[in-house]
Amino acid sequence: MTTTTNTHLGPQPREVFNRIPGYKPGRKADRPEIAPLASNESHHEPLPSVREVIANEAQRINRYPDAAVVDLHARIAERYGVNDDQVATGPGSIGVLQQIIATYCAPGDEVVFAWRSFEAYPLLVDIAGAKPIMVPLLADERHDLDGIAAAITDRTRVVLLCTPNNPTGVSLSHGEVVEFLDKVPEHILVVIDEAYIEYETAEDAVDSLALIAERPNVLTLRTFSKAYGLAGLRVGYAISTGEIIGSLRKAALPFSVNSLAQRAAIASLDADDELAARAAEVVGERERVVAALQGTDWRVLPSQANFIWVRADGERGAKLAKAFDDADILTRVFPDDGIRITLADAASNDRVLKVLKDAASTE
Ligand SMILES: *Cc1c(COP(=O)(O)O)cnc(C)c1O
């Protein structure tokens, strides 16, 4: 028997995979002096109470996790004053978003969202065989909600709003989202991705739970990866109507929220006050950093998240990216747009300020 080595005869992925960029690993934070500010993680160490439940649960990892995630769903429901059947979980909110798209989008259906926004959106939509419809942000970094409403067609099944928006840090107001929802047909699901809600301090911030109580087509997507400090365990959740959540739960890969993550998420909700204090510390640093950058050449808008966004493209952006790299600070660089820098402890934030101030004065 002969074997063929002609790869053209082998399995070919769907056409869309020609467009999907492969994952490119970034620089590693493999020395203590490197500040890992590229992924919006919490810089705080895991809480002792959370580590303890993980250690205890580790005794039982020969067993499958609770496939129905009963205890965690109940704990999230209690925390937010909704029914248990209004909560779905997944391996990170990215995992929940994949369930959402699998539930509502057939191949060729459209998902509309602002751009630039979270990198995972076009990827998840493409993998599902649906079509990403990206509506550029306005010049002041805000979502173009009129443009998003105008981009809705017969094929639209889902709209994604990201507030505060990653990577720009700008958030939507409750009033503008209500006005937007009034224009969206009720058969279209509007997902409000609130991954950074714990850092939001705007008085007119979106009250997504109120919207969910009043409307049949709103869902909030949240995560334990950011302010709750569990990025490595992968657990996120959605709150919506019982109908929507019932469908989403069917789309979940069985056992995808592991037992350590389920226990750690419950323990984190039990430690809400401690975690809120940590988030408040980051918010204080955010206000300090943004204030220190006013009057410099960098355009840094007030942020509602745990990161700042520096608009800098072309050569200016490349020079700034190199300055951060030379200073052993890992950031998220979007070459055509700008640089996103996660806020951490005061010492790291001071290093960030120094790079920005030095780079501004040498231009
Ligand atoms: C970080 C982030 C998430 C969270 O992803 P997980 O899968 O929960 O870790 C979701 N949405 C946005 C906009 C984010 O920035």
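Residues numbered from 1 in each chain as written. Predicted model: local features only at pLDDT ≥ 70, side-chain atom pairs only at ≥ 80, totals over all residues. Heavy atoms only, no water.

Under an unreviewed UniProt entry, the protein has the name Aromatic amino acid aminotransferase and belongs to Gulosibacter chungangensis. Reading the Cofactor (unreviewed entry) entry of the UniProt record for the protein gives the comment "pyridoxal 5'-phosphate". The annotation that UniProt attaches to the protein under Catalytic activity (unreviewed entry) is "an aromatic L-alpha-amino acid + 2-oxoglutarate = an aromatic oxo-acid + L-glutamate". (UniProt positions renumbered as here; feature names shortened; annotations may be inferred.)

### Comments concerning helix α6 (residues 174-181)
Looking at α6, one finds that the buried residues are V177, F180 and L181. The buried residues of α6 occupy an angular sector of 95 degrees when projected down its axis, which confines them to one face. Taken together, the buried residues of α6 touch α5 (145-150), β5 (156-162), β6 (189-193), α7 (208-214) and β7 (218-223). (Buried < 20%, exposed > 50% of the residue type's maximum accessible area, 1.4 Å probe, protein only. Helix = DSSP H or I, 4+ residues; strand = E, 2+ residues; numbered from the N terminus. Arc of directions from axis to C-beta. Contact = heavy atoms within 4.5 Å.)

### A closer look at the domain arrangement of the protein
Segmentation of the protein into domains returns domain 1 (25-46 + 273-361) and domain 2 (48-270). Just the C-alpha atoms count here: the centres of domain 1 and domain 2 sit 25 Å apart. Surface buried jointly by domain 1 and domain 2 totals about 2,200 Å² across both partners, of which 55% is contributed by carbon and sulfur atoms. Three residues, P46, L275 and Q304, lead the burial of domain 1 against domain 2; their summed loss comes to 28% of the area buried on that side. (Domains from an automatic or database assignment. Buried area = accessible area lost by both parts, 1.4 Å probe.)

### What about the pairing of strand β3 (residues 110-115)?
Judged by how many residues are buried, β3 sits mostly within the fold: five of six residues are covered. Strand direction decides the pairing type here: β3 and strand β4 (residues 131-136), joined by six bridges, are parallel. Paired with W115 across the two strands is P136, which belongs to β4. The sheet contact formed by β3 and β5 spans four bridges and is parallel. Residue pairing across strands places V112 opposite V159, the latter belonging to β5. (Pairing = 2+ DSSP bridges.)

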